[in-house]
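# Report on the structure
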Amino acid sequence: MTTQPTESSDALDALEDTAPSEPWRDPAADPAERVRALMARMTLREKLAQLYGVWVGIDAGGEMAPHQHDFVDAGIDLDDLARHGIGQLTRAFGTRPVDPAIGARTLARTQRQITASSRFGIPAVVHEECLTGLAAWQATVYPAPLSWGASFDPDLVRRMGARIGLTMRRLGVHQGLAPVLDVARDLRWGRVEETIGEDPYLVGTIGAAYVAGLESAGVIATLKHFVGYSASRAGRNLAPVSVGPREIADVLLPPFELALRAGARSVMNSYTDIDGVPAAADPALLTDLLRGTYGFTGTVVADYFSVAFLHRLHGVAADRGDAAGQALAAGIDVELPTMDCYGEPLLAAVEGGSVDAAVVDRALERVLRQKCELGLLDADWAPDVPDEIDLDDDESRALAREVAERSIVLLHNDGTLPLAPGRKVAVVGPRADAAGAMMGCYSFPLHVGVHHPDVPFGVEVPTVAEALRADHDVSYALGCPVTGGDDEGIAEAVSAVAAADVCVAVLGDRAGLFGGGTSGEGCDAPDLRLPGRQEELLEALLATGKPVILILLSGRPYELSRQADRLAAIVCGFYPGEEGGPALAGVLSGRINPSGRLPVSFPAAGANQPSTYLAAPLARRSEVSTVDPTALFPFGHGLSYAPATWQDVSATGSLWPTDGTCRVRVTLRNDHDRPASEVVQVYLHDPVAEVARPERQLIAARRVDLAPGETRVLDIGLHADLTSYTGRAGRRLVEPGDVELRVGTSSERIVSTLHCTLSGPRREVGFERVAAPEFSS
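Counting restarts for each chain: residues are numbered from 1 in the order of the written sequence. Predicted model: local features are reported for residues with pLDDT of at least 70 only, side-chain atom pairs are reported and counted for 80 or more only, and whole-chain, interface and lining totals are derived from all residues. Processing note: side-chain calculations cover all non-hydrogen atoms of the structure and skip hydrogens and water entirely.

Our focus in this paragraph is the overall build of the protein. A count of helices and strands for the protein gives 22 helices and 27 strands. At 27 Å, the protein has a C-alpha radius of gyration in line with the 28 Å of a compact globule built from 777 residues. Summarising its shape, the C-alpha atoms of the protein cover approximately 85 × 65 × 45 Å along the three principal directions. Using a 1.4 Å probe on the protein chains alone, a residue whose accessible area is under 20% of its type maximum counts as buried, one over 50% counts as exposed, and one in between counts as partly exposed. By the burial criterion, 63% of the 777 residues in the protein qualify as buried. A fraction of 79% describes how many contacts in the protein between residues 6 or more apart in sequence connect residues 24 or more apart. Accessible surface area values rest on a Shrake-Rupley calculation with a 1.4 Å probe, where residue burial reflects the displayed protein chains alone. Surface exposure of the protein reaches about 26700 Å², of which carbon and sulfur atoms provide 49%. For this count, His and the chain ends are skipped, Lys and Arg are scored as positive, and Asp and Glu as negative. The location of each charge is read from NZ of Lys, CZ of Arg, CG of Asp or CD of Glu. Looking at charge distribution, the protein has the averaged site of its 69 positive side-chain charges lying 4 Å from that of its 104 negative ones. Helix numbers and strand numbers start at the N terminus; a helix is a DSSP run of H or I with at least 4 residues, a strand a run of E with at least 2. In this treatment the radius of gyration is a C-alpha quantity, and the globule benchmark scales as 2.2 Å times the residue count to the 0.38 power. Any two residues whose heavy atoms approach within 4.5 Å at even a single point are treated as in contact.

Printed below as a string of structure tokens:
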């Protein structure tokens, strides 16, 4: 066991006498030497203080999550804690509505208090949620991650991540708890809205772009949730996960691998257990794989309360000290959101000998090294307070609008869209005139602001009804709420439609937390029918005989098969953010040419099918089952007012070396008098393999923008590593043999199939494999 300094005054005096200098404060010194010198002087209590967060002011008028008040002490004595140091400060801006300028000054004052109170003057790392932008009052609310996926535009998402990161750094925030890299597996899961989609390539490339953007601003990106969270049984939050190692390796892990390559410096564990072993207590996952195989050197932070959950919910730890020991041994370096297990329980466990102090030192070294990278150990470090603070400036709003416009998906159109100007439009439905309809559950107004109903949103959020009034004569009727409602409300909506030329029905979800919504964390769905009486409302509107355009604002796909062929058009926005209303109005009017593509499939008849497009042959429609899982609108689908013309698709020969590259060329032309945008999608079909493989799997996708009359050639370089999969022995293989490259506009609409033969030796590849295609045009 590692020997620890004691807290006695004699020992502290001896430490001061033997090490009068402070080499850890020298930015020119070797970081490892700086950290070692600091650790050598720290007592056990001071070491533990660096391994937990402190959530000041958590009692914000309402419980954001179950068990919150079981583990959080609202009466934290910061003065007392600061004597030993504080590792992290939790959500200085995201706990309650606070004026940004006041919040920045308060945070700076708290940091000065922490550095002045402790022997070593180490500032805290400050973390915040940033899934739809910085989760702070008056900060820009960007589209939710499903919209990032629908954009199929990594460069745009990278710009958004960089913008969010710059905002955070200006306020003194060091770490962002995003992106979510869980691949959607069951669309009933409430947190589908937080995912980027149902395909690992899409999730990985978009997620890695967000990481690159956030990290470029000097903010630590935190990958969530490692791993398996989205594969819970029956789509229930925190439910056990029963997936095989091959699904973990080939579907759930690749997004994390890409994001780690992009420079992510932190990882957050999953809440769930996989085959009975909670991720928070799994060294095979958090140490052997993450650090041994992937070479990760950053910090692993606990998802909120997940260390305590080892005792309280999972039942694998006898008490909180045991939970702390298991989590540290597994590889969790920092307990978030606040001290519970890593405080007094861990102190007692180490002093009593049941937890080896070596695991404390291991975690501490990682934490201090990261603080060294952030400049928090430098002698001249001081908190910055910006002179002017505008968290929702014109540039940020413009970027939010661009992401929204690129992510809106036109699913169906019988020619009614775009709407001619001046038409009488009845806008009805529970999401038609609600600003909150644009936001996901991790947006500040719906995550925190809901507990402060007297406080305004803090940002301007035009609704669909408001945005449409710029072009049309608009009447409005609620029809019914998201859940509940009565016959009278539906009748009023029918009357409004009868007096109009066309109906725009705006339906969908109310994002919330733990039962506070129909979508969001802890808001899982029993099936995929529209919530409440919304389908009944839609049928009543269709019965009027007027053209009905459905706008779906939701956090998941819903089953629309009974209405789809009777609707004039279907437009989908996955919580498109504060500029979503104007973006949707632009699509309906024709000012915006819709170009989003589905990151998740829309189910057909049978409202309880959890399957995704990424399915082996027997998971697709077959003669051995009466249930048809074929999607109504498949992954990758999206229509346009000005679709590109596909002129040619070709490959550079039919032989593809197993250690080489196949080049695919796609020629597109825009025959319209307006800009066009196509998403070229390349799917792999491997007809014979060691194991049953997905019938098709996305291995490349690229958005191509075309000016009127322009022709462009997209050149795609596909390394053979992209065909790899996990074989029977548990190793990733590139195998010789025949494959097909299916190139098209969705997973089902294939324009051209290219037959290739992988030739050469069978190869085993690992983390260092080529994991992304090359593009040029």
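Picking up after the structure, the text goes on.
Counting buried positions along strand β24 (residues 737–744) yields six of eight residues, so the element is predominantly enclosed. Any two strands between which DSSP finds at least two bridges are classified as paired. Summarising the sheet, strand β19 (residues 676–685) and β24 pair through five bridges and their orientation is antiparallel. Across the sheet, residue H685 finds its bridge partner in β24, namely E740. Taken together, the eight bridges between β24 and strand β25 (residues 750–759) define a ladder with antiparallel strand orientation. Opposite R742, over in β25, you have T753 as the bridge partner. Hairpin connection from β24 to β25: five residues lie between these consecutive antiparallel strands.

What follows covers the pairing of strand β14 (residues 548–553). Most of β14 is tucked away, with six of its six residues classed as buried. Where burial is concerned, the two faces of β14 agree: the one with V548, L550 and L552 and the one with I549, I551 and L553 are both buried. Pairing geometry for strand β13 (residues 502–508) and β14, over six bridges, is parallel. The partner of V506 across the bridge, within β14, is I551. Seen with its strands pointing away from the viewer, a crossover is right-handed if its path from the first strand over the helix to the second goes clockwise. Once you follow β13 into helix α21 (residues 534–542) and on to β14, the crossover reads as right-handed.

So, on to the environment of L538. By the secondary structure assignment, L538 is in helix α21. Measuring from C-alpha to C-alpha, the distance between L538 and Q563 comes to 8.1 Å, with 25 residues separating the pair along the chain. In this view, L538 contacts A505, L507, V548, L550, Q563 and L567; residues no more than four positions away in its chain are not counted.

The salt bridge criterion pairs a side-chain nitrogen of Lys or Arg with a carboxyl oxygen of Asp or Glu, the two atoms within 4 Å. Tallying each qualifying case throughout the model produces 54 salt bridges. Between D393 and R163 there is a salt bridge; the shortest N-O distance is 2.7 Å. Linking D393 in the loop between α16 (357–373) and α17 (394–407) with R163 in helix α8 (residues 154–171), this pair joins segments that are 230 residues apart in sequence. We classify R163 as buried; its relative accessible area is 16%. Residues participating in the shared-partner salt-bridge network are D392, R397, R401, E405, E578 and E579.

To describe a pair of aromatic rings, you give the distance between the ring centres and the angle between the ring planes. Here is the rule: rings of Phe, Tyr and Trp (six-membered ring for Trp) pair when centre to centre is within 6.5 Å. Planes less than 30 degrees apart are stacked, more than 60 are edge-to-face, and the remainder are tilted. With the rule as written, the count across this model stands at 14 aromatic pairs. Among the aromatic side chains, those forming a connected cluster through ring pairs are W55, W189, Y229, Y271, Y304, F305 and F309. Should the NZ of a Lys or the CZ of an Arg lie within 6 Å of a ring centre and within 35 degrees of the ring normal, that charge is described as sitting over the ring. Its guanidinium or amino end placed over the ring of Y442, K224 lies 5.3 Å from that ring's centre, counting from NZ or CZ. One Lys or Arg, R261, reaches over the ring of F767 and ends 5.3 Å from the middle of that ring.

Here we come to the sheet that holds strand β18 (residues 661–669). The sheet built from four strands is open, its strands ordered β16-β18-β21-β27 with antiparallel pairing. In the strand order of this sheet, the two ends are held by β16 (645–651) and β27 (774–776), each with one partner. In this sheet, adjacent strand axes meet at a mean angle of 15° when their direction is disregarded. Here three bridges tie strand β21 (residues 711–719) to β27, and the two strands are oriented antiparallel to one another. Across the sheet, I716 pairs through a bridge with F775, a residue of β27. Here an axis means a line fitted to C-alpha atoms, over the contact stretch when the element is a helix, while the angle between two N-to-C directions is reported on a 0 to 180 degree scale.

Another aspect to go through is the nonpolar core. In these notes, a set of buried Ala, Val, Leu, Ile, Met, Phe, Trp, Tyr and Cys residues joined through side-chain atoms within 4.5 Å is what counts as a nonpolar core. In this structure, F226 and Y342 are the most contacted members of the largest nonpolar core, which totals 214 residues. Among the elements that line this core, the one with the most residues is α16, at eight residues. Setting aside its immediate chain neighbours within four residues, Y342 contacts L48, L51, Y52, V307, A324, A327, L328, I332, D333, V334 and E335. If you look at the next biggest cluster of nonpolar residues, it comprises 28 residues, including A644, V649, A700 and L706.

With respect to the helices, strands and loops of the structure, L374 is situated in the loop between α16 and α17. As for L374 and V219, which are separated by 155 residues in sequence, their C-alpha atoms are 8.8 Å apart. In this structure, L374 is in contact with V125, R169, H174, G218, I220 and R265, ignoring residues within four places of it in sequence.

Attention now goes to the confidence of the model for the protein. The predictor attaches a confidence to each residue, and that confidence, scored 0 to 100, is pLDDT. Of all residues in the protein, 95% have pLDDT values of 70 or greater, and the mean over the chain is 94. Low pLDDT (under 50) marks residues 1–20, which in the prediction has 34 contacts with non-local residues, meaning those over four places away or in another chain.

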